[in-house]
2 protein chains.
Amino acid sequence: MSGSNKIFVAVVGVGGVGKAFLGQLEHLRARMQRQNVLLELVLVRRSKKQYFDNFAPLDISQALQNLDNSGNAAPPFGETVDTLAKAPNKVILVDNTSDQEIAASYPKILSKGISIVTPNKKAFSDTYDLWSQIFASAANGTGGPKCGYVFHESTVGAGLPVISTLKELIETGDEVTKIEGVFSGTMSFLFNSFMPVGGGGGKFSAEVKKAKELGYTEPDPRDDLNGLDVARKLTILARIAGLKVQSPTSFPVESLIPKELESVSSGDEFLEKLPQFDDQMEELKLSAAKEGKVVRFVGSIDAPSQAVRVGLEKFDASHPIAALKGSDNIISFHTKRYGSNALIIQGAGAGGEVTAMGVTGDLLKVVRLLH
Amino acid sequence: MSGSNKIFVAVVGVGGVGKAFLGQLEHLRARMQRQNVLLELVLVRRSKKQYFDNFAPLDISQALQNLDNSGNAAPPFGETVDTLAKAPNKVILVDNTSDQEIAASYPKILSKGISIVTPNKKAFSDTYDLWSQIFASAANGTGGPKCGYVFHESTVGAGLPVISTLKELIETGDEVTKIEGVFSGTMSFLFNSFMPVGGGGGKFSAEVKKAKELGYTEPDPRDDLNGLDVARKLTILARIAGLKVQSPTSFPVESLIPKELESVSSGDEFLEKLPQFDDQMEELKLSAAKEGKVVRFVGSIDAPSQAVRVGLEKFDASHPIAALKGSDNIISFHTKRYGSNALIIQGAGAGGEVTAMGVTGDLLKVVRLLH
C-alpha cells in the first residue's frame with residue numbers, strides 16, 4: 001500500500017459522541033482496508049489528557065483505556081495542531097467537543113491542510129465572521145486545494161441527512177422558500193408529552209421534570225428551554241441557504257424560561273419553582289385545543305423575507321410536525337422544485353450513535369476526496 | 001485553467017428528465033466555474049440523433065435545438081462510447097434514458113474510465129449478474145482507480161436522498177432491519193385518492209382514469225399497476241442492503257391488473273373494462289375501514305428474513321404511510337441505531353425537475369471525486 005492511501009485520524013473529545021464515533025471508526029477502518037485505504041487513529045485527546053505516540057497507529061479498541069492510563073497532560077490545543085500539521089500523511093481532525101476555543105481555531109487548522117469533521121455547533125453558529133473565515137480556509141470553500149476539507153452534518157439533526165440535502169438543493173439550482181421543523185430532541189419530547197395529538201399530557205413543569213429524569217435534557221434544563229440550541233441550528237441552516245445571519249441571537253428566539261426564574265441559582269431550584277408558571281402554559285394549551293391544534297416548539301426560516309425565528313407555534317393535528325413521536329426531529333424543506341408538498345426528513349436527532357453516524361459519514365466523504 | 005480542471009459531460013436521452021437536467025447543468029456549470037472547474041457539454045443524443053463536434057464545447061441552452069436542427073443520425077451506441085473513451089479529458093456520461101441496451105453496456109463504459117450518473121433503473125434492477133459487473137467495473141466499486149464512477153440516486157425516490165442515506169447507514173456500521181414505504185408517485189396518488197384518511201374517495205377504476213388524465217400514469221396504466229416499477233426500486237435498495245436479489249420478479253409482487261385484463265390489447269380497452277372489477281377493491285376498502293385502517297400500495301424489505309415484497313397493505317390512519325399526500329413517496333429505514341422510530345424521508349418521488357436534481361447531485365459528486 002502506498003503512503004498516499006494512508007490517512008491519519010485525530011480525535012478530540014471522547015464523551016458520548018466520541019465513544020460512539022470510535023466504535024464506528026473501527027468498523028469503517030476494516031471496511032476501507034478492503035478498499036485499499038488505511039485509516040490510522042494517531043491521537044486521542046480530552047480536555048486534560050492526550051495520547052499520542054509520534055504518529056504510531058493506536059489500537060482503536062484500546063484508545064480510551066490508553067488515554068486514561070498512559071495519556072500525558074494535554075498540551076495547549078495550538079501545539080497539538082502544529083504537531084498534526086507536520087504529519088507525513090493527510091490528517092482528519094474529528095472534533096467531538098462543543099468547545100468554543102477549538103471552534104475558533106478551525107480557520108487556522110484548515111489552512112494548515114488538516115481536514116475537520118465535527119458535530120460542534122459553536123464553530124458554525126458563532127459570528128458570521130468566523131463562519132466566513134472557516135469556509136475561506138477550506139478546500140470545499142474558497143480556500144484552494146492545499147487547505148483541509150470541513151464537514152459538519154451532525155450540527156443539525158445529528159445523523160439525519162439535513163445539511164447535505166439542503167446543500168444539494170441549492171447547488172443543483174433549486175430555490176428554497178422555507179425551512180421549518182422541530183430541531184431539538186428535548187423540545188420534541190417535551191411537547192409531544194405535554195400536548196399529544198388526541199388530548200392528554202401533564203402539566204408543563206411535570207413534563208420538564210420527567211424529561212430531565214429520563215436524561216432528555218441538559219443537567220440544567222434551562223439550557224434547553226432558552227431556545228439557544230435550536231437558534232444555533234437555525235443559524236447554520238440559514239447561512240447555508242444564503243442568509244447572512246450574524247449570530248444565534250440576532251433574530252427572535254422565544255425562551256420558555258419565565259423571566260422570574262432566569263436568575264435562580266440552580267437547575268434544581270428552577271425545577272422546584274417552575275410549577276408556579278404552569279398556568280401560562282395551560283392557557284396556551286387550551287387556546288390551541290379550541291382551534292383543534294397542538295403547540296410545538298419550532299424553528300423556521302422564511303427565505304424571501306429573510307426572517308428566522310424560534311419559538312412556540314400552533315399546528316393542525318394532521319400536520320406532520322404535530323404527529324411527531326418521542327424525541328424525533330423533523331425538518332421540512334419547502335422549495336420551488338418540490339412545490340406544494342415539502343421534502344421532509346424525520347427521525348432521531350440526538351443521541352451518541354446517531355450523532356456519531358453523521359460524523360463518521362462526513363469522515364468517509366473526506367477520505368474519498370483525499371485519497 | 002489547467003486541463004485537469006476540465007470535465008466533459010455527454011448526455012443521452014433528452015425527454016422530460018433530460019431537458020430538466022440540461023437546465024440544471026447550465027446552473028451548475030456557472031457555479032463550478034467560480035470554483036475553477038470547467039464542465040463542458042460535448043455530446044447530446046436521443047434515440048435516432050446525435051450532436052457531437054469532436055469535443056468542442058456545446059452551448060447548453062442551444063443544445064436541444066442544435067440536436068434537432070443539426071444533429072446527425074446516431075451511430076450505434078457502442079461507437080459513441082468508443083469515441084468518448086478517446087476524449088482528452090475525463091468524461092461523465094449522463095444516461096437519462098430507461099434503455100436496457102445502454103444499461104447492459106455500463107460495465108464496458110465504466111471500465112473505459114467513463115463515469116456514469118443516471119436515473120435508469122434497468123441497469124441496477126436487471127440480473128444480479130449485471131449489478132455485480134457494474135460495481136466490479138466502477139472506481140467506487142471494486143474496479144480500481146482507472147475505472148469510472150457510477151451513481152444512481154434518482155433510481156429510487158427521484159431526488160430524495162434515499163440511496164445515499166441507505167449507503168451511509170450501512171457504511172457507518174448501522175444494521176438495517178426493515179425498509180418500508182410508498183415508492184411510486186402513481187400508486188401514492190391513486191391510493192391517497194381512492195381511500196383518503198377520514199373517508200371518501202371514488203371507485204378504483206375512476207381514480208385510475210383520473211390519474212391518467214392528470215398525467216400521473218404511464219400511457220398504458222397497466223405499466224404502473226403491475227407493480228414492476230416498485231419491484232425494480234425494491235430490488236435496488238435490497239441489493240444495497242446486502243441481499244442478493246436475483247431480479248425484480250424473484251420475490252412476491254402483487255399486480256393490480258385483474259387476470260382477465262392482462263391481455264386486452266390496449267390501455268384504453270383496459271380502462272373501459274376496469275370498472276367491472278371495482279367490487280373487489282371496494283370490498284378491500286370496506287374491510288380496512290372496519291379495522292380503522294386505510295389501504296396503501298407499498299414495498300418492504302425485511303432484512304433478517306431476507307424477505308422482499310410489493311403489494312397492498314393496511315395501515316392505521318395515524319401511520320405516516322397513511323398520512324401521505326398527493327403523489328409523494330415516503331421511505332422509512334428501521335435500523336438498530338434509530339431504534340423504535342424510523343428514519344423517514346418523504347416528498348415528491350417523480351417528475352422531471354426532482355428526478356434531474358438527483359442526477360445533477362450525482363454529477364456533482366463525480367466532479368468532486370474527479371478533479
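Just so it is clear, the structure is predicted and the values come from calculations on it, not from any experiment.

*Asks:* How should the interface of chain A and chain B be read in this particular structure?
*Replies:* Interface size, as often reported, equals the accessible area lost upon joining of the parts. Of the residues lining the interface, 37 residues belong to chain A; the matching set on chain B comes to 37 residues. Between chain A and chain B, roughly 3200 Å² of surface is buried when both sides are summed, and carbon and sulfur atoms account for 56% of that area. On the chain A side of the contact with chain B, Glu171(A), Tyr338(A) and Met357(A) bury the most area, a combined 21% of that side's loss. There are four salt bridges connecting chain A and chain B. Among the salt bridges present, the one from Glu353(A) reaches Arg337(B), with a minimum N-O distance of 3.7 Å.

*Asks:* What is the right way to look at empty space enclosed by the protein in this model?
*Replies:* Gaps left between atoms show up when a probe the size of a water molecule is rolled over them. Residue and element names in this part refer to chain A. Taken as a whole and assessed by the stated rule, the structure comprises one cavity of 30 Å³ or more. Lining the largest cavity, in full, are Val182, Met187, Ser188, Phe191, Asn192, Arg296, Phe297 and Leu324. The greatest single-element share of the lining of the largest cavity, amounting to four residues, is contributed by helix 9 (residues 185-194). Taken together, the residues of the lining of the largest cavity sort by class into five nonpolar, two polar and one charged.

*Asks:* Explanation requested: the sheet that holds strand 4 (residues 72-73) of chain A in the structure shown.
*Replies:* Sheet strands associate in pairs through backbone hydrogen bonding, adopting either a parallel or an antiparallel arrangement. Residues and elements named next belong to chain A. Strands sit in the order 4-3-2-1-5-6-7 across an open sheet of seven strands; the sheet is mixed. Both outer strands of the open sheet, strand 4 and strand 7 (150-151), are each paired with one neighbouring strand and no more. Its contacts with the sheet put helix 2 (residues 63-70) on strand 2 (38-45), strand 3 (49-52) and strand 4, and the angle it makes with strand 3 is roughly 115°. With respect to the sheet, helix 3 (residues 77-85) is in contact with strand 1 (6-12), strand 2, strand 3 and strand 5 (90-95), its orientation differing from that of strand 2 by roughly 160°.

*Asks:* Looking at this model, I keep getting lost on the domain arrangement of chain A. Mind explaining?
*Replies:* Residues and elements named next belong to chain A. Entries for chain A in the domain assignment read domain 1 (3-158 + 354-370) and domain 2 (162-348). Taking the mean C-alpha position of each, domain 1 and domain 2 sit 30 Å from one another. The interface of domain 1 with domain 2 comprises 15 residues on the first partner and 20 residues on the second. Note on domain 1 versus domain 2: buried area summed over both sides is about 1600 Å², and carbon and sulfur give 62% of it. The largest contributions to the domain 1 side of the interface with domain 2 come from Ser125, Tyr128 and Val156, which together make up 39% of the buried area. On the surface where domain 1 and domain 2 come into contact, there are one salt bridge. The residue Asp229 makes a salt bridge to Lys121 at a minimum N-O spacing of 3.2 Å.

*Asks:* Help me out: how do you make sense of helix 9 (residues 185-194) of chain B in this one?
*Replies:* All names here are of chain B. Most of helix 9 is tucked away: ten of the ten residues are buried. Gly185, Thr186, Met187, Ser188, Phe189, Leu190, Phe191, Asn192, Ser193 and Phe194 are the residues of helix 9 that are buried. The N-cap residue of helix 9 is Ser184: its side-chain oxygen and the backbone nitrogen of Thr186 are 3.3 Å apart.

*Asks:* Before we go on, may I ask you to explain the sheet that holds strand 3 (residues 49-52) of chain B in this structure?
*Replies:* Residue and element names in this part refer to chain B. In space, the seven strands of this open sheet follow the order 4-3-2-1-5-6-7, with mixed pairing throughout. Each having just a single partner strand, strand 4 (72-73) and strand 7 (150-151) make up the two edges of the open sheet. By the bridge criterion, two bridges tie strand 6 (residues 115-117) to strand 7 in an arrangement that is parallel. The partner of Ile116 across the bridge, within strand 7, is Val150. In the packing of helix 1 (residues 16-33) onto the sheet, the strands contacted are strand 1 (6-12), strand 2 (38-45) and strand 5 (90-95), and the crossing angle to strand 2 comes to about 160°. Contacts from helix 3 (residues 77-85) reach strand 1, strand 2, strand 3 and strand 5 within the one sheet, and its direction differs from that of strand 2 by about 160°.

*Asks:* Help me understand the pairing of strand 12 (residues 343-348) of chain A, please; the structure alone is not making it clear to me.
*Replies:* The side chains of a regular strand alternate, residue by residue, between the two faces of the sheet. Most of strand 12 of chain A is tucked away: six of the six residues are buried. When strand 11 (residues 328-335) of chain A meets strand 12 of chain A, the two strands line up antiparallel, connected through six bridges. Along strand 12 of chain A, the bridge assignment pairs Asp328(A) with Ala348(A). Strand direction decides the pairing type here: strand 12 of chain A and strand 12 (residues 343-348) of chain B, joined by three bridges, are antiparallel. Residue pairing in the sheet places Ile345(A) in a bridge with Ile345(B) of strand 12 of chain B.

*Asks:* Explain the relation of the copies chain A and chain B here, please?
*Replies:* Both copies of the chain are related by one operation, a rotation about an axis with a shift along it. If you rotate chain A by 180° and push it 0.0 Å along the axis, it lands on chain B with an RMSD of 0.0 Å. Overall, the copies show the geometry of a two-fold rotation axis. Within chain A, the C-alpha atom positioned nearest to the axis of rotation is that of Ile345(A), 2.4 Å from it.

*Asks:* Please explain the pattern of salt bridges as it appears in this structure.
*Replies:* Between side chains of opposite charge, a pair can form when the charged atoms approach closely. Scanning the entire structure with this criterion turns up 32 salt bridges over all chains. Of the charged contacts in the structure, one is a salt bridge between Arg368(A) and Glu171(B), with a shortest N-O distance of 2.8 Å. Residue Arg368(A) is located in helix 15 (residues 352-370), and its partner Glu171(B) is located in helix 8 (residues 163-171); the two belong to separate chains. The exposure class of Arg368(A) is partly exposed, given its relative accessible area of 33%. The exposure class of Glu171(B) is buried, given its relative accessible area of 13%. Here Arg46(B) makes a salt bridge to Asp68(B), at a shortest N to O gap of 2.5 Å. With Arg46(B) in the loop between strand 2 and strand 3 and Asp68(B) in helix 2 (residues 63-70), the pair connects residues that are 22 residues apart, well separated along the chain. In this structure Asp68(B) comes out as partly exposed when scored by relative accessible area, which is 38%.

The rules behind each value
Residues numbered from 1 in each chain as written. Chains lettered and ligands numbered in written order. Predicted model: local features only at pLDDT ≥ 70, side-chain atom pairs only at ≥ 80, totals over all residues. Heavy atoms only, no water. Contact = heavy atoms within 4.5 Å. Buried area = accessible area lost by both parts, 1.4 Å probe. Salt bridge = Lys/Arg side-chain N within 4 Å of Asp/Glu carboxyl O. 1 Å grid on protein atoms, 1.4 Å probe; cavity = no way out; pocket = protein on both sides within 12 Å on 5 of 7 lines; lining within 4 Å. Points joined across faces, edges and corners; volume = space filled by probe spheres on them. Helix = DSSP H or I, 4+ residues; strand = E, 2+ residues; numbered from the N terminus. Nonpolar A, V, L, I, M, F, W, Y, C, P; charged D, E, K, R; others polar. Pairing = 2+ DSSP bridges. Axes fitted to C-alpha atoms, helices over the stretch in contact; angles between N-to-C directions. Domains from an automatic or database assignment. Buried < 20%, exposed > 50% of the residue type's maximum accessible area, 1.4 Å probe, protein only. Polar contact = N/O pair within 3.5 Å; in protein donor to acceptor, adjacent residues only side chain to side chain. Least-squares fit on C-alpha atoms with pLDDT ≥ 70 in both.

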